[in-house]
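The primary structure of each chain is shown beneath.
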Amino acid sequence: MKMFKKITLISALFSTGLIAPSLISVIPNVNLATAYADSETKTKRVPALREKVYSQLARAQKLADDGQVAEGLAALDSVKERVSSMNSYEVAMMYNFYGFIYYNENKLDKAIESFKAVIAEESIPESLRLSTTFSLAQLAMANNEFESTLSFLDQWKEVNTQAPKSNFYILKAQAQYQLKKYNDAINNINTAIDLVEADGELPKENWLVLQRAIYYSLNQPKKVADVLEKMVTLYDKPQYWIQLGGMYGEIGAEKKQLATFETAKQRGFIKSKSDYMQLAQVYLMNALPFKAAEALDNGIKAGVVEDSAKNLTFIAEAFVQAREDKKSLPFFLAATEKVEHGNLDQRLAEIYLNLEKYDEAADHARLALNKGDLTFESNAYVALGMAQFNLQNFDASILAFEQAEKHKKSANLAKQWIKYVKREKVHAETLKQALL
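Residues numbered from 1 in each chain as written. Predicted model: local features only at pLDDT ≥ 70, side-chain atom pairs only at ≥ 80, totals over all residues. Heavy atoms only, no water.

- The protein has the name CDC27 family protein in an unreviewed UniProt entry, where Pseudoalteromonas maricaloris is given as its organism.

As for the overall build of the protein
Then, in step 1: Scanning the protein from terminus to terminus reveals 22 helices and two strands.
Then, in step 2: Buried residues in the protein amount to 49% of all 436 residues.
Then, in step 3: Sequence separation of 24 or more characterises 53% of the internal contacts of the protein that already satisfy a separation of 6 or more.
Then, in step 4: A total accessible area of about 22200 Å² is found for the protein, and carbon and sulfur atoms account for 50% of it. (Helix = DSSP H or I, 4+ residues; strand = E, 2+ residues; numbered from the N terminus. Buried < 20%, exposed > 50% of the residue type's maximum accessible area, 1.4 Å probe, protein only. Contact = heavy atoms within 4.5 Å. Areas by Shrake-Rupley, 256 points an atom, 1.4 Å probe, with all protein chains shown as cover.)

A few points about helix α19 (residues 358-371)
Then, in step 1: In a regular helix each residue adds 1.5 Å, so 14 residues correspond to 20 Å; α19 covers 20 Å between its end C-alpha atoms and thus fits that length.
Then, in step 2: Looking at α19, one finds that the buried residues are Tyr358, Ala361, Ala362, His364, Ala365 and Ala368.
Then, in step 3: At the exit of α19 stands Gly372, carrying a positive phi of roughly 75°. (Expected span 1.5 Å × (residues − 1).)

Overview of the pattern of salt bridges
Then, in step 1: One pass over the full model with this rule turns up 18 salt bridges.
Then, in step 2: Among the ionic pairs, Lys172 bridges to Asp154, the shortest N-O distance being 3.6 Å. Of the two residues, Lys172 sits in helix α8 (residues 166-178) while Asp154 sits in helix α7 (residues 146-159), which places them 18 residues apart along the sequence.
Then, in step 3: As a salt-bridge pair, Lys291 and Glu262 come within 2.9 Å of each other at their nearest N and O atoms. Here Lys291, found in helix α15 (residues 289-301), pairs with Glu262, found in helix α13 (residues 254-266); they are 29 residues apart in sequence, far enough to count as distant. (Salt bridge = Lys/Arg side-chain N within 4 Å of Asp/Glu carboxyl O.)

What to know about the packing of aromatic side chains
Then, in step 1: Enumeration over the complete set of coordinates arrives at 13 aromatic pairs.
Then, in step 2: Here a set of aromatic residues connected by ring pairs shows up, and it is made of Phe389, Phe394, Phe401, Trp417 and Tyr420.
Then, in step 3: We note Lys80 situated over the ring of Tyr98; from NZ or CZ to the ring centre the distance is 5.6 Å.
Then, in step 4: One Lys or Arg, Lys409, reaches over the ring of Phe376 and ends 5.1 Å from the middle of that ring. (Phe/Tyr/Trp six-rings, centres within 6.5 Å; stacked < 30°, edge-to-face > 60°. Lys NZ or Arg CZ within 6 Å of the ring centre and 35° of its normal.)

A closer look at the packing of helix α4 (residues 88-104) against helix α6 (residues 126-142)
For any two helices packed against each other, one specifies the inter-axial angle together with the distance between the axes.
Then, in step 1: The contact between α4 and α6 brings their axes to 13 Å, and the two run at 30°. Looking at the two axes, α4 sits roughly parallel to α6. Considering how the two elements wind past one another, α4 and α6 form a crossing that is left-handed. Here Tyr89, Met93, Asn96 and Tyr103 of α4 lie close against α6, whose contacting residues are Leu128, Thr132 and Leu139.
Then, in step 2: Of the residues contributing to the contact of α4 with α6, the split by class is five nonpolar, two polar and no charged. (Axes fitted to C-alpha atoms, helices over the stretch in contact; angles between N-to-C directions. Parallel < 35°, antiparallel > 145°, perpendicular 65-115°, else oblique. Left-handed = near helix turned anticlockwise from the far one by under 90°. Nonpolar A, V, L, I, M, F, W, Y, C, P; charged D, E, K, R; others polar.)

Let's talk about the packing of helix α14 (residues 273-285) against α15
Then, in step 1: Between α14 and α15, the least distance of the axes is 7 Å, while the angle of their chain directions is 170°. Compared by their axis directions, α14 and α15 come out roughly antiparallel. Taking contact as the criterion, the partners of Tyr276, Met277, Leu279, Ala280, Tyr283 and Leu284 in α14 are, on α15, Pro289, Lys291, Ala292, Ala295, Leu296, Asn298 and Gly299.
Then, in step 2: When the residues that make up the contact of α14 with α15 are grouped by side-chain class, the tally is ten nonpolar, two polar and one charged.

Description of the nonpolar core
Then, in step 1: Grouped together as the largest cluster of nonpolar side chains are 126 residues, with contacts concentrated most on Leu57, Leu76, Met94, Ile189 and Ile214.
Then, in step 2: Examining the composition of this core, we find that twelve residues originate from one element, α4, more than from any other.
Then, in step 3: Every residue in contact with Met94, bar those within four places of it in the chain, is listed here: Leu57, Leu76, Val79, Lys80, Val83 and Met86.
Then, in step 4: With eleven residues, the next largest nonpolar core counts Val382, Ile398, Ala414 and Ile418 among its residues. (Core = buried A, V, L, I, M, F, W, Y, C linked by side-chain atoms within 4.5 Å.)

Considering the side chain of Asp275
Then, in step 1: Within the secondary structure, Asp275 sits in helix α14.
Then, in step 2: Despite being buried, Asp275 has no salt bridge partner; Lys271 is the closest side chain of opposite charge, sitting 8.2 Å away.
Then, in step 3: Polar contacts involving the side chain of Asp275 include one to the side chain of Ser272, which spans 3.1 Å.
Then, in step 4: In this view, Asp275 contacts Ile242, Phe269 and Ile270; residues no more than four positions away in its chain are not counted. (Lys, Arg positive; Asp, Glu negative; His and termini not counted. Polar contact = N/O pair within 3.5 Å; in protein donor to acceptor, adjacent residues only side chain to side chain.)

Quick word on helix α3 (residues 69-80)
Then, in step 1: A rise of 1.5 Å per residue sets the reference length of α3, with its twelve residues, at 16 Å; its end C-alpha atoms lie 16 Å apart and thus fit the reference within 8%.
Then, in step 2: Residues Gly72, Leu73, Ala75, Leu76 and Val79 constitute the buried set of α3. Seen end-on, α3 carries its buried residues on one side only, within an arc spanning 155°.
Then, in step 3: Buried residues belonging to α3 abut α2 (51-65) and α4. (Arc of directions from axis to C-beta.)

Some words on unusual backbone geometry
With the exception of glycine, the majority of residues adopt a negative phi angle, and the majority of peptide bonds are in the trans configuration.
Then, in step 1: Phi is positive for Ala287, close to 60°, though the residue is something other than glycine.
Then, in step 2: With respect to the secondary-structure elements, Ala287 resides in the loop between α14 and α15.
Then, in step 3: The class for Ala287 is exposed, based on a relative accessible area of 61%.
Then, in step 4: Located in the positive-phi region is Glu356, a residue other than glycine, with phi close to 60°.
Then, in step 5: Tracing the sequence through the fold places Glu356 in the loop between α18 (343-354) and α19.

A word on the environment of Lys180
Then, in step 1: Its location among the elements puts Lys180 in the loop between α8 and α9 (182-198).
Then, in step 2: When the C-alpha positions of Lys180 and Ile214 are compared, they lie 8.9 Å apart, and in sequence the two are 34 residues distant.

Re the side chain of Ser397
Then, in step 1: Tracing the sequence through the fold places Ser397 in helix α21 (residues 394-405).
Then, in step 2: In this structure Ser397 comes out as buried when scored by relative accessible area, which is 0%.
Then, in step 3: Once residues within four sequence positions are removed from consideration, Ser397 is found in contact with Gly385, Gln388, Phe389 and Val421.

In structure tokens form, the structure reads like this:
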């Protein structure tokens, strides 16, 4: 008797958000010839698969195997016309082949309907009932029918006499995650991982992805970090290093966060915009402003971070924090070209004052005031007054400080400067007269 190939359905089970796709085999794993030969030898009494029905099902299967799907379905339809004369096992096998063909055609609704008809028959082998029920759970998952997935798994467990394996718990956890039943889901994913680790095996990568997502949904960042540590150790992917660094920040482990991002940088894992932004922020939070500035500048040079006013200002201010005022200048100047307000020119005036470049300081203070829309207008007047004083333009300095005096924030400082400038003006004029 010719042995036809086994029917094995494979479905892609998925979960949204942070969860990567996973593959779980969908049975039934039915060999038609074996089913025909052994139908009389089951522990449970099963009707025979008669020669006439067997040959018709075999013909339908061969047509489907050869890619003649419509012809295969037509052959099954002709068998179905005589369903009243068939026994339960023959009817179940017929629906089993319907399900197989519909699944291959990605008609999941019809496949599920067909496999339901298989287990609706009473007199079928328990192995077929078990495999088909589990298939239904997987197909329901693939069809986004998550409550049905759990229902089929419960039915499967009722008739299964052996301890469930890890794939049972994984599928249950996936469905529960989709239904936001996070506490149940975490128990099942943890059971699955414990089972394989107890056998000395490694958990699959997508299992850890699911476990991480569930802990994240449960707002347990320490557990998320623990899972990511395992993922980094076992699978060593760039995104896991970046995510681990982010979670260390969430739980306040700043030193671990810095070390993780440093490792990611050294290994060339910093590639995306968010990677560069996170790296720069981590450096800044760890009092490494020079590295923060360089990190974001490298992101701009790599073409993945925009040279926006905000990013350019971040770099400039980081250089200022690092006491590298000269390095900040080109970034401040570039940023001023991208905004209409005068705040950045005000900052330039202050930087130029620190660098003792008083003409430039005065120019940018005036630019800031001309552009307007300043967050702290008084600071621009103070900077202008100080620049003019150092240029020995005493009257202009006094005028600037008088404007600053009108602002509550800088009133006291401005008064002190006005007195000081007036004294210096008198002193300078006295000295000038003495030299005449």
